[in-house]
Amino acid sequence: MEETQKETLTSATAPSTTTTQTTVPDVVMEEAAPVPNNTPANNNEKDSKVQTDPATTAMNNQRIVEEFQYLLEKSQQLFAGLRDLPPTGGRQWQPYFQRTFEVYTKLWKFQQQNRFVLENKDNYGLKRWEVGEIASKIGQLYYHYYLRTSETNYLHESYIFYEAIRDRFYFKDVLDVKNPALMIKKLRYYARFIVVCLLLNNRDIVQKLMDELHGLVDDYIKIFKPADSTEWQCVLHEIAAFLEAEKKLTPISSEGHLLTVARRLQIERSLRHEKDGTPKLKLQEAILVGNYQNQIKFSELTLDMYHILQSLEREPAPPKSGPKTPGSEVPVVNERVTNKDDINAEEQSSANTPADKSASRRVNPHKYLLYRPTFSQLLVYISTAFKEINENSALLLYISADGTKPSNNNEQNSICYNGGVATSSRKCADKTDPSDKIHCLHPADLVPFTRKPLCLIIDSDNSTAFADFPRIFNQPFLCLMSPVEYPSTIPDTTQIGSLFTLFLHAPLLGFAFISNLGKISSSTWEKCVNLIAEAELNIVELFNSSSIEKPLKRFLQDDFLRQFLVRFVLCQSFLRAHTEFKEEKHLPKSCPQLPSSILDSQELLLKVHQIVKEAQAESYYSFPTLEIEPEMTEKAAETPEESEVAQQ
């Protein structure tokens, strides 16, 4: 038996689509030194002489085994039922998740308290891989709860369970059993762990897991010669391609390390917008659609979806390192955790209060992730999200997809049904129907949903089909559209993630890509990071001081929508200054159009020029309308050689 180890995981309060909140039960992960069940309960001399009757011990052991088997079967039934829950709506699935968490909590604690009896081969013969399977299910519960709630704290808790399984070698002896079904469970555990690490941007761990998974797949194929060997080889290929694509979009430092940027909304650097007295608009629902046929993906998550998903989440508060018990491996996740075993309900409620208030300030919009949906599937999700939106809330629809245009001019009978973006299609029964028009999301398809505030982000080679979107209901509406074409001198990024989406996700990465900055010093990169932040703040000030439509101003009240708008302007500024982006089709557009007082601002152009100068990428940019004072040019030059050039 292992030395004493104690790990405590708890979840924060789960945000609900209603005003009520649901609390996920605490799950304690503990491995303690076993205590035989016939050990005296106290040190009383008289009691210590009492010998437990073997028949009584056997009966107690039998009851323990039966209780464990009941909890195990009940947990498996509930877990299997998760697949039958409706993918939309909050009220239906939250109670079921609650019950499932409660049963797994009882199961985990029960096997902890009775491990000695359960591991005895004469009673049950509990194996380590069986304990690992329970822990893996709890990790999956947290991950799926993250997908349902969009709260990254649950993602961290899923990671901690998965990490503990690996650190404790729960699945180490699976190969010795010579059971292919058990080996598949181990492989799936690794694949799920990799997904969680990718979403948390733990690149170093992902690479280690990838290497281990590669060896496990090789062993699996060599020993069992399974029928699904091709599928697992495909999984390895998808992960490798996903990681390689991310590397292509990220510069490296002089030392050869990937440079980092903030992937999620930083709480302390959240851009502020002046209040104008109108009710604050909040982004409540977001639908992310990935339908580029050739874009790299892993686990039904394309690179574009992966980028935007993180941009719609606040960076969670760092875990607080609470006290650890001897031999503990996993730190306390947050301030709701206590190491007291005898905490009562009142103390637990009191302990929960600070975390709940903090979590409410960091709430993220709820997201639906749709990989290559059909038109009918997409419409169901849009309708459901539209129904869920409360007063003064908005819906975001992000679509990354191939464009669909009319196959001939005779079909151009309506500006609203004149093409759009492709949806997934199955084989058409009636081949006389033009599939390019049927399996397409047209602008007019979305008009009914503009009865409530709607923000569209269309990343497609036919994005401008939404440029003249009809605005009928006088509700806030915004559409950000990608360029329909990129210059031939700019490498095609469709397969590894769209350039427009990259700018909305991390403007500095987009700037580095179009400036061919494959390698840059860490100090210069950090200066560029700070300059980008200054430019974003400058854009917010421009929005505050400019005369823009009142409905558009309402979108600036939400942290996430404001960030997309700000980065859209920053993308415009970089591309317009770039010497290769000469034509209108190379530039993004918006509906309604943003005022020139923002896009042509001298302050903003000056900040863009400073970033270009800092990164030494002047050969790619031109600023004919920018008035630069000589002393500012000299100050911007870093090296003596640059100073001499500036003074000439």
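Residues numbered from 1 in each chain as written. Predicted model: local features only at pLDDT ≥ 70, side-chain atom pairs only at ≥ 80, totals over all residues. Heavy atoms only, no water.

The name an unreviewed UniProt entry gives the chain is Protein SCAI, with Rhizophagus irregularis as the organism.

Peer 1: Can you tell me about the sheet that holds strand β9 (residues 393-401), naming the residues and giving the values?
Peer 2: Reading across from one edge, β8-β5-β9-β13-β14-β15 is the order of the 6 strands in this open sheet, with mixed pairing throughout. The two strands at the open ends of the sheet, each matched to only one other strand, are β8 (366-371) and β15 (589-591). Averaged over all pairs of adjacent strands, the angle between their axes in this sheet comes to 10°, without regard to strand direction. With 5 bridges connecting them, strand β13 (residues 454-459) and strand β14 (residues 477-481) associate as parallel partners. Counterpart to Ile457 in the pairing with β14 is Leu480. This element, helix α13 (residues 375-388), spans β5 (282-291), β8 and β9 of the sheet and lies at about 175° to β5. Seen against the sheet, helix α19 (residues 559-577) touches β5, β9, β13, β14 and β15 and runs at an angle of roughly 45° to β14. (Pairing = 2+ DSSP bridges. Helix = DSSP H or I, 4+ residues; strand = E, 2+ residues; numbered from the N terminus. Axes fitted to C-alpha atoms, helices over the stretch in contact; angles between N-to-C directions. Contact = heavy atoms within 4.5 Å.)

Peer 1: So what's going on with the environment of Trp108? Which residues, and what values?
Peer 2: Here Trp108 shows up in helix α3 (residues 94-113). Separated by 26 residues in sequence, Trp108 and Ile134 have C-alpha atoms that sit 7.5 Å apart.

Peer 1: Mind laying out unusual backbone geometry, listing which residues take part and the relevant values?
Peer 2: The step from Cys591 to Pro592 runs through a cis peptide bond, and the omega angle for that step is 0°. Of note in the backbone geometry, Arg372 takes a positive phi value of approximately 50° without being a glycine. On the secondary structure map, Arg372 appears in the loop between β8 and α13.

Peer 1: Give a detailed account of the pairing of β5, specifying residues and quantitative values.
Peer 2: Burial analysis of β5 places 9 of its 10 residues in the buried class, the great majority of the element. Bridge count between β5 and β9: 9 bridges; the pairing is parallel. By the bridge assignment for β9, Val289 is matched with Ile399. (Buried < 20%, exposed > 50% of the residue type's maximum accessible area, 1.4 Å probe, protein only.)

Peer 1: Mind laying out the pairing of β13, listing which residues take part and the relevant values?
Peer 2: Most of β13 sits inside the fold, with 6 of its 6 residues counted as buried. Relative to β13, β9 is paired through 6 bridges, and the arrangement is parallel. Bridge pairing in β13 places Ser400 opposite Asp459.

Peer 1: Which residues make up the sheet that holds strand β12 (residues 440-441), and what values do they have?
Peer 2: Spatially, the 3 strands line up as an open sheet ordered β10-β11-β12, and their pairing is antiparallel. Only two strands of the sheet have a single partner each, and these edge strands are β10 (403-404) and β12. Sheet analysis places strand β11 (residues 420-422) next to β12, joined by 2 bridges and oriented antiparallel. Each bridged residue has a counterpart across the sheet, and for Val421 the counterpart in β12 is Leu441.

Peer 1: Let's hear about the packing of aromatic side chains: which residues, and what values?
Peer 2: Per the counting criterion, the structure on display carries 26 aromatic pairs. Note on Phe101 and Tyr142: the rings are 5.2 Å apart at their centroids and 55° apart in plane angle, and the pair reads as tilted. Taken together, the residues span a long stretch of sequence, with Phe101 in helix α3 and Tyr142 in helix α5 (residues 128-149) at a distance of 41 residues. Residue classification places Phe101 among the buried positions, given a relative accessible area of 1%. With relative accessibility at 0%, the residue Tyr142 sits in the buried group. (Phe/Tyr/Trp six-rings, centres within 6.5 Å; stacked < 30°, edge-to-face > 60°.)

Peer 1: Give me the pattern of salt bridges: which residues, what numbers.
Peer 2: Counted by the stated rule, this structure contains 18 salt bridges. Between Glu313 and Arg264 there is a salt bridge; the shortest N-O distance is 2.7 Å. One end of the pair, Glu313, is in the loop between α11 (303-311) and α12 (345-361); the other, Arg264, is in the loop between α10 (229-248) and β5, with 49 residues separating them in the sequence. What makes Glu313 buried here is its relative accessible area of 0%. On the basis of relative accessible area, Arg264 is assigned to the buried category, the value being 6%. (Salt bridge = Lys/Arg side-chain N within 4 Å of Asp/Glu carboxyl O.)

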